[in-house]
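# Observations on chain architecture
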Amino acid sequence: MDFLDVSENAWYYEAVDFVFYNGLMNGLSDSQFAPEDTTTRAMMVQVIYNIMGRPENRPLPEPFEDVAWDAWYAEAIKWAKWNGLVEGVSETHFAPNAPVTREQMVTMFYRFANALGMDTTARADLSAYTDGNRVSDWADDAMGWAVNAGIINGMTETTLVPQGNSTRAQIATVLQRFVLWLEANS
């Protein structure tokens, strides 16, 4: 890696190296990974699409009014929507440029694991976190699974921060853990 903004001493160095080497995430340029930048919903879907090797979409209607057919993320979002991995923020809008929250991130990974036929039934007790009750109902199973599987940790020993935005460094770290979990459980 030649990213000037990823130090070998950074807590996320190995994860960024892993996702870059495996073609799962790119830098924002040849020299910048932007580890502290917030990840958007479109970026997150693109990551999952990359894991699958960027499968070709069969001709299907555009799923959301705010996803332009020629946007860099359009094929990824279309694929994820028609395969049941994502939903919009409404029936007609995806909000591709909105920040992806920690609970949205793990929900996408959870749905992806389920689509692959993986066993996602084991759950952690989220009441061990002071904000475990703040996980949205729609994300509760996903967060419990992700914590149990070691795919996501708390932001601190006592907090999950489920509605907090995810940085690119955090996505890289969770993505590395997810891929390793898939390999270990296949």
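Above this note sits the structure.
The model shown is predicted, which means the values in this text are computed figures rather than measured ones.

Here we come to the overall build of the protein chain. What the protein chain contains, in helices and strands, is 6 helices and 0 strands. Moving toward the C terminus, one meets the helices and strands of the protein chain in the order α-α-α-α-α-α. Rg of the C-alpha trace for the protein chain: 16 Å, near the compact-globule value of 16 Å for 186 residues, within the 12% margin. Along the first, second and third principal axes, the C-alpha atoms of the protein chain reach 45 × 40 × 30 Å. The buried share of the protein chain, taken over its 186 residues, is 48%. Nonlocal contacts in the protein chain, meaning residues at least 24 apart in sequence, comprise 73% of its contacts between residues at least 6 apart. Put simply, the protein chain shows about 9500 Å² of open surface, and 47% of that area lies on carbon and sulfur atoms. Side chains of the protein chain carry 11 positive and 25 negative charges; the gap between the two charge centres is 5 Å.

For helix α4 (residues 102–115), which comprises 14 residues, the first-to-last C-alpha distance of 20 Å matches the rise-based estimate of 20 Å (1.5 Å per residue) to within 8%. Burial within α4 is extensive, with 11 of its 14 residues counted as buried. Of all the positions in α4, only R102, E103, Q104, M105, V106, T107, M108, F109, Y110, F112 and A113 are classed as buried. Elements that come into contact with the buried residues of α4 comprise α2 (41–51), α3 (74–82), α5 (140–148) and α6 (168–185). Just downstream of α4 lies G117, where phi reads positive at about 80°.

Moving on: the packing of aromatic side chains. Inspection of the entire model under this criterion finds 12 aromatic pairs. On the basis of an interplanar angle of 55° and a centroid distance of 5.5 Å, the ring pair of Y49 and W79 is categorised as tilted. Here Y49 is found in helix α2, whereas its partner W79 is found in helix α3, with 30 residues between them in sequence. The class for W79 is buried, based on a relative accessible area of 8%. Taken together, F109, Y110, F112, W145, F178 and W181 form an aromatic cluster joined through their ring pairs. The side chain of R168 reaches across the aromatic face of F33, ending 4.4 Å from its centre.

Here we come to unusual backbone geometry. In this structure, A34 takes a positive phi of about 60° despite not being glycine. With respect to the helices, strands and loops of the structure, A34 is situated in the loop between α1 (13–21) and α2. Phi angles above zero are rare outside glycine, and R54 is one such case at about 55°. With respect to the element layout, R54 can be found in the loop between α2 and α3.

Within the secondary structure layout, T107 lies in helix α4. Between the alpha carbons of T107 and D140 there is a distance of 8.7 Å; along the sequence they are 33 residues apart. Every residue in contact with T107, bar those within four places of it in the chain, is listed here: W138, A139 and A142. Looking at T107, its side chain comes within polar contact range of the main-chain oxygen of E103, at 2.7 Å.

How each quantity is defined
- Residues numbered from 1 in each chain as written.
- Predicted model: local features only at pLDDT ≥ 70, side-chain atom pairs only at ≥ 80, totals over all residues.
- Heavy atoms only, no water.
- Helix = DSSP H or I, 4+ residues; strand = E, 2+ residues; numbered from the N terminus.
- Rg over C-alpha atoms; globule rule 2.2 N^0.38 Å.
- Buried < 20%, exposed > 50% of the residue type's maximum accessible area, 1.4 Å probe, protein only.
- Contact = heavy atoms within 4.5 Å.
- Areas by Shrake-Rupley, 256 points an atom, 1.4 Å probe, with all protein chains shown as cover.
- Lys, Arg positive; Asp, Glu negative; His and termini not counted.
- Charge placed at Lys NZ, Arg CZ, Asp CG, Glu CD.
- Expected span 1.5 Å × (residues − 1).
- Phe/Tyr/Trp six-rings, centres within 6.5 Å; stacked < 30°, edge-to-face > 60°.
- Lys NZ or Arg CZ within 6 Å of the ring centre and 35° of its normal.
- Polar contact = N/O pair within 3.5 Å; in protein donor to acceptor, adjacent residues only side chain to side chain.

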